[in-house]
Amino acid sequence: MLPRIHDRYLLKSFLRVFLFAVVAFVIIYVTVNIFEEIDNFIDHDAKVVHIASYYLYSLPFVLTYVIPVSLLLGTVFSMGIMARRNELTALLASGVSLTRVARPIFVTSLLIALFSIYFNDHVVARANRRKEDVMHYDIEGRVRAHPELKTDFRYLGEHGFIYLASTYDVRSFMLYDVVVQQFEHDTVVRRIDAKTAQWAGGHWQFAGGYVRTFQGGAEHVAKFDTLTVPEMKEKPEDFAADEVDEENMNFVELRHFINKVKRSGGSVEKYMVDLYFKFSFPFAGSIFVLIGVALASGKRKPSIATGFGLTLVVSFMYYAVLRVGQTLGHNGVLPPFFAAQVGNMIFLIIGLWMLRRANR
């Protein structure tokens, strides 16, 4: 069905406020953050081009939080203007339902939500990595590690193995000052301390160290000149792969990491919450729109100041509930899926109830 005149009229008003709000919130964030980081920039004599790069790479992450609020603000203002001009009353009196009037905004918010899933997974994750690189190396002047040498090496392997080393040489497949711990059901059952470990003959060969085994509350220590552990399945190419923080992983990387943690016998509830969260948070804007339509279409028409205040109150409440659910999921109090969706569920119910009352 082709959009009607009032659809285009409402959508134009909504998009104007929405885009203005996005730009305004981004400017506010950048301004506040500059004042927070100004001492750091001055202390490290940061160049303007590096500061600009830092905030350029910060924009995708900022957009993920300001877009839902901007959708709510655009809805409250555009629908509120129609209500105060009695245009909404005229449409409702002609037999057009409130949900039909607001359909252009609902459809737009859903399209933005679907795009946000892709945007957050592909653009935000990569931009956050670049932002951290700019801060650490270009602004703070930290020394970049040699691409073929990894210092303070850490790696989560399969079968409960965790690898720690002062340095990993990618060229020679050599680990230095190695500590390997093996866990079973969150309990250490074996620890290997060695001067070096090198890949040879399809296995890691440890040299000059001790192996400790823990069983029944007792510790057994054995010294070795060389040691090979066949259960270790990790290969040099696994250690050579770039390390990414869980927070900056995309969906595929996080899913792969979760599978690896499962195989190592670790707990994955925290990471499952973050995985489901990638699909729940983008729909915050659509739920905000639902609430915004109900707020702007009630018997008491909010003023501009009131509408802005309601937008901030709803946004803060939503983000608070969302974070509480996420924290409870990380601590194992709530199932991962429910913990990631609890904010959406609560505010969706509230929005539908408010819309039903406004539709009477």
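Details of the structure are given in the entry above.
Definitions and limits used
- Residues numbered from 1 in each chain as written.
- Predicted model: local features only at pLDDT ≥ 70, side-chain atom pairs only at ≥ 80, totals over all residues.
- Heavy atoms only, no water.
- Pairing = 2+ DSSP bridges.
- Helix = DSSP H or I, 4+ residues; strand = E, 2+ residues; numbered from the N terminus.
- Core = buried A, V, L, I, M, F, W, Y, C linked by side-chain atoms within 4.5 Å.
- Buried < 20%, exposed > 50% of the residue type's maximum accessible area, 1.4 Å probe, protein only.
- Contact = heavy atoms within 4.5 Å.
- Patch = residues over 30% accessible without salt bridge, like charges linked within 9 Å, V, L, I, M, F, W, Y side chains within 5 Å.
- Areas by Shrake-Rupley, 256 points an atom, 1.4 Å probe, with all protein chains shown as cover.
- Salt bridge = Lys/Arg side-chain N within 4 Å of Asp/Glu carboxyl O.
- Lys, Arg positive; Asp, Glu negative; His and termini not counted.
- Charge placed at Lys NZ, Arg CZ, Asp CG, Glu CD.
- Phe/Tyr/Trp six-rings, centres within 6.5 Å; stacked < 30°, edge-to-face > 60°.

Draft legend 1. Examining the pairing of strand 2 (residues 161-169) more closely. The pairing of strand 1 (residues 149-156) with strand 2 spans seven bridges and is antiparallel. Looking at the pairing, Leu149 lines up with Asp169 of strand 2. What sits between the antiparallel neighbours strand 1 and strand 2 is a turn of four residues, in which His159 has the positive phi angle 60°. Relative to strand 3 (residues 174-184), strand 2 runs antiparallel, the two sharing eight bridges. Looking at strand 3, one finds that Asp169 is bridged to Met174. Linking strand 2 back to strand 3 in an antiparallel pair, the connection comprises four residues, with Phe173 at a positive phi of about 55°.

Draft legend 2. Structural view of the nonpolar core. Of all hydrophobic cores here, the largest spans 59 residues; its most connected members are Phe41, Met79, Val101, Val293 and Tyr318. For this core, the elements supplying multiple residues, two or more each, are helix 1 (5-43), helix 2 (48-84), helix 3 (87-93), helix 4 (98-101), helix 5 (103-139), helix 9 (284-296), helix 10 (304-330) and helix 11 (336-359). Top element by residues in this core is helix 2. It accounts for 15 residues. Discounting chain neighbours no more than four positions away, the residues touching Val101 are Asp7, Leu10, Met79, Met82, Leu88, Leu91 and Val96.

Draft legend 3. The arrangement of a negative patch on the surface in detail. A cluster of acidic residues, Glu132, Asp245, Glu246 and Glu247, forms a negative patch at the surface. Tracing the backbone through its elements, the reader meets Glu247 in the loop between helix 6 (236-240) and helix 7 (251-263).

Draft legend 4. The arrangement of the packing of aromatic side chains in detail. Tallying each qualifying case throughout the model produces 28 aromatic pairs. With a centroid separation of 5.1 Å and 45° between ring planes, the pair formed by Tyr65 and Phe281 is classed as tilted. With Tyr65 in helix 2 and Phe281 in the loop between helix 8 (269-280) and helix 9, the pair connects residues that are 216 residues apart, well separated along the chain. Take Tyr65: its relative accessible area is 26%, and that puts it in the partly exposed class. Of the residues examined, Phe281 reaches a relative accessible area of 7% and is grouped as buried. In textbook terms, an aromatic cluster arises when at least three aromatic residues are bridged by ring pairs, as seen for Phe61, Tyr65, Phe277, Phe281, Phe288, Tyr318, Tyr319 and Phe347.

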